[in-house]
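Breakdown of the fold
Below, each chain spelled out in residue letters.
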Amino acid sequence: MEFGSSNFPIFTKNDDLDDVRRSVKFHPTIWGEYFLAYASTEISSVEKDELQKQKKMMRKVLNQTPDDSSHKLELIDAIQRLGVSYHFEEEIGKSLKCIYDIYSECSNKDNNVRSVALRFRLLRQQGYAISPDVFSKFTDKEGNFNEMMFENVEDLLDLYEAAHFGVDGDEILDKALEFSSSKLQFLLPIMTTSLSKQVKEALKIPILKSLTRLGAWKFIAAYQQHKSHNEILLNFAKLDFNIVQKMHQKELSLITRWDVNDLDQLPPYMGICYKAFLDVYLEMEAEVENGGESYLVQYTKEEMKKLTRAFLQEAEWVYSKYMPTMEEYTEVALVTTGHAMMATLSLIGVRNTVTKKDLEWITSKPLIVQASAIVCRFMDDIVGFGIEKKYTAVHCYMNQNGASKMDTFAQLREQVKKAWKDMNQECLEPTPVSMSILKPVVDLARVIHLLYADNDDYTNSQTNTRDYISCVLVEPLTT
């Protein structure tokens, strides 16, 4: 349909080409060449030795804790949330397999809300397709959750976190999420300052939607206030955080030294992007050639072509003042999120375990990639509505269905909620590919949730985003 409705005055006949092209006026980068200062950053041999020493101590603690104890559940949860589980994947995997083998027996006789919720969440996170019916013991005859079964805020918080790992059909988890979130909101005014801060953070970014390094930074601060915290684990997590931070600082220094030469045949704005893309792909090709895996780069190039073609389609809509249908918009806009391209690109990092079959799968529009893109596109379009000078899902849905802005927002948020359930489902065994391939796709959605949960922290990175970058990539933890 032609884009001429007075209800959607995004463009006018007087707009010149530059105004149309620049749909958002981004502020200059606040970091500039800041990370160049880390070019000489190195991890000392003392730090490496100390990390290995503490890692050995932590492995001993993990192995000596009985798998059938609630303490083991709490220990694994702490290790994961502190961002150090990648050191103990084999040990944690074996323990969770043992816990899964006795899941029915333990859950049936366990009436402790926290351990039931924690056991369920840890197993679902690991990919075990366990039934959520275990939570029915905490409901009344009408199927509503019984408030008397929940002794404290911590019980509600554990139920809330577990409920986010639902899939389509897990109705009891939908009720659990509604019940726990409303109760936590209600109890906020009477909580202690530290507990209130923890609950507010969880309500904004639950564990499912939390990024590993940022989540670790936040949880370290909360964990060291727990009276029952493990000092060995806490010290190990702090040291690991600082070492990983140095690695990232070094990588960022290399990215900040990229040199772009003038490309006379292209406009300046396009030349910068084009040269950067060429450099990236040349670097990737050089990296994988020795291993005989040059075909990996070809798949990423094809995804970049798809992305470019989708951007061109959006540009044609803008210049012709054509408003697409919701179906037309979604098909193209999911591609322009870049999630399919980035998901494919991420496989370069795990290329030793990636097969051509994996690449064929990830470039075939699998459900998890589409769901991750839906989270990005619709959350972006909601916070950008009325600010960005472009067509969004909000405009298209309102125009096609005669819906109000608030009804449209509600519909799009429902689609986002369903997308998270689809990603949860795709991460349950049997998975189409390994978790090393699936996790980066989910991580892309986690980045989007962080940036667009409340405001557009992507466009305006001078507030929350600056603080996130600073705590994860600039400020080391005090050990």
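Residues numbered from 1 in each chain as written. Predicted model: local features only at pLDDT ≥ 70, side-chain atom pairs only at ≥ 80, totals over all residues. Heavy atoms only, no water.

The chain carries the name Beta-caryophyllene synthase-like isoform X2 in an unreviewed UniProt entry, which gives Sesamum indicum as its organism. Quoted verbatim from the Pathway (unreviewed entry) field of UniProt, the annotation for the chain is "Secondary metabolite biosynthesis; terpenoid biosynthesis." Listed under Cofactor (unreviewed entry) in UniProt, the entry text for the chain is "Mg(2+)". (UniProt positions renumbered as here; feature names shortened; annotations may be inferred.)

Looking only at helices and strands, the chain has 21 helices and zero strands in total. Residues counted as buried form 47% of the 479 residues belonging to the chain. Put simply, of all contacts in the chain between residues at least 6 apart along the chain, 72% involve residues at least 24 apart. Approximately 25,200 Å² of the chain is accessible, and the part contributed by carbon and sulfur atoms is 53%. (Helix = DSSP H or I, 4+ residues; strand = E, 2+ residues; numbered from the N terminus. Buried < 20%, exposed > 50% of the residue type's maximum accessible area, 1.4 Å probe, protein only. Contact = heavy atoms within 4.5 Å. Areas by Shrake-Rupley, 256 points an atom, 1.4 Å probe, with all protein chains shown as cover.)

Its 13 residues give helix H6 (residues 113-125) an end-to-end C-alpha distance of 18 Å, which sits within 8% of 18 Å, the value for a rise of 1.5 Å per residue. Within H6, 11 of the 13 residues are buried, which leaves the element mostly enclosed by the surrounding structure. All of the buried residues along H6 are Val113, Ser115, Val116, Ala117, Leu118, Arg119, Phe120, Arg121, Leu122, Leu123 and Arg124. Capping of H6 at its N-terminal end is provided by Asn112; its side-chain oxygen lies 3.0 Å from the backbone amide nitrogen of Arg114. Residue Gly127 follows H6 closely and has a positive phi angle near 100°. (Expected span 1.5 Å × (residues − 1). Polar contact = N/O pair within 3.5 Å; in protein donor to acceptor, adjacent residues only side chain to side chain.)

The next point concerns unusual backbone geometry. Looking along the chain, the bond that leaves Glu429 and enters Pro430 is cis, with omega of 0°. Inspection of the secondary structure assignment puts Pro430 in the loop between helix H19 (405-426) and helix H20 (435-452). In this structure, Lys365 is a non-glycine residue whose phi angle is positive, near 60°. If you trace the backbone, Lys365 turns up in the loop between helix H16 (356-362) and helix H17 (367-384).

Let's shift gears to the pattern of salt bridges. The tally for this structure, following the rule as stated, stands at 27 salt bridges. Taking the shortest distance from any N to any O, the salt bridge between Arg124 and Asp170 comes out at 3.1 Å. Here Arg124, found in helix H6, pairs with Asp170, found in the loop between helix H7 (153-163) and helix H8 (171-187); they are 46 residues apart in sequence, far enough to count as distant. Measuring nitrogen to oxygen at the nearest pair gives 3.5 Å for the salt bridge that ties Asp381 to Arg377. With Asp381 and Arg377 both in helix H17 and four residues apart, the pair spans about one turn of that helix. Across the pair, Arg377 and Asp381 agree in class, each one buried. (Salt bridge = Lys/Arg side-chain N within 4 Å of Asp/Glu carboxyl O.)

Before going further, it helps to spend a moment on the packing of H19 against H20. In contact at an axis separation of 11 Å, H19 and H20 are set at 160° when each is read in the N-to-C sense. What the angle tells us is that H19 and H20 run roughly antiparallel. Between H19 and H20 the crossing geometry is left-handed. Counted together, Trp420, Met423 and Glu426 of H19 and Leu438, Val442, Ala445, Arg446 and His449 of H20 form the full contact between these two elements. Here the residues of the contact of H19 with H20 sort into five nonpolar, one polar and two charged. (Axes fitted to C-alpha atoms, helices over the stretch in contact; angles between N-to-C directions. Parallel < 35°, antiparallel > 145°, perpendicular 65-115°, else oblique. Left-handed = near helix turned anticlockwise from the far one by under 90°. Nonpolar A, V, L, I, M, F, W, Y, C, P; charged D, E, K, R; others polar.)

Moving on: helix H2 (residues 45-64). Count 3.6 residues to each turn of an α-helix, and residues three or four apart come out pointing the same way. Taking 1.5 Å per residue as the helical rise, H2 with its 20 residues ought to reach 28 Å, and the 29 Å between its terminal C-alpha atoms agrees with that figure. Regarding H2, the residues found buried are Glu47, Leu51, Gln54, Lys55, Met58, Val61 and Leu62. On an axial view of H2, the arc spanned by its buried residues comes to 120°, and they lie on one face. Counted as exposed and oriented over 90 degrees from the buried face of H2: Ser45, Val46, Asp49, Lys53, Lys56, Lys60, Asn63 and Gln64. Lining the buried residues of H2 we find helix H3 (70-81), helix H4 (89-101) and helix H11 (231-255). (Arc of directions from axis to C-beta.)

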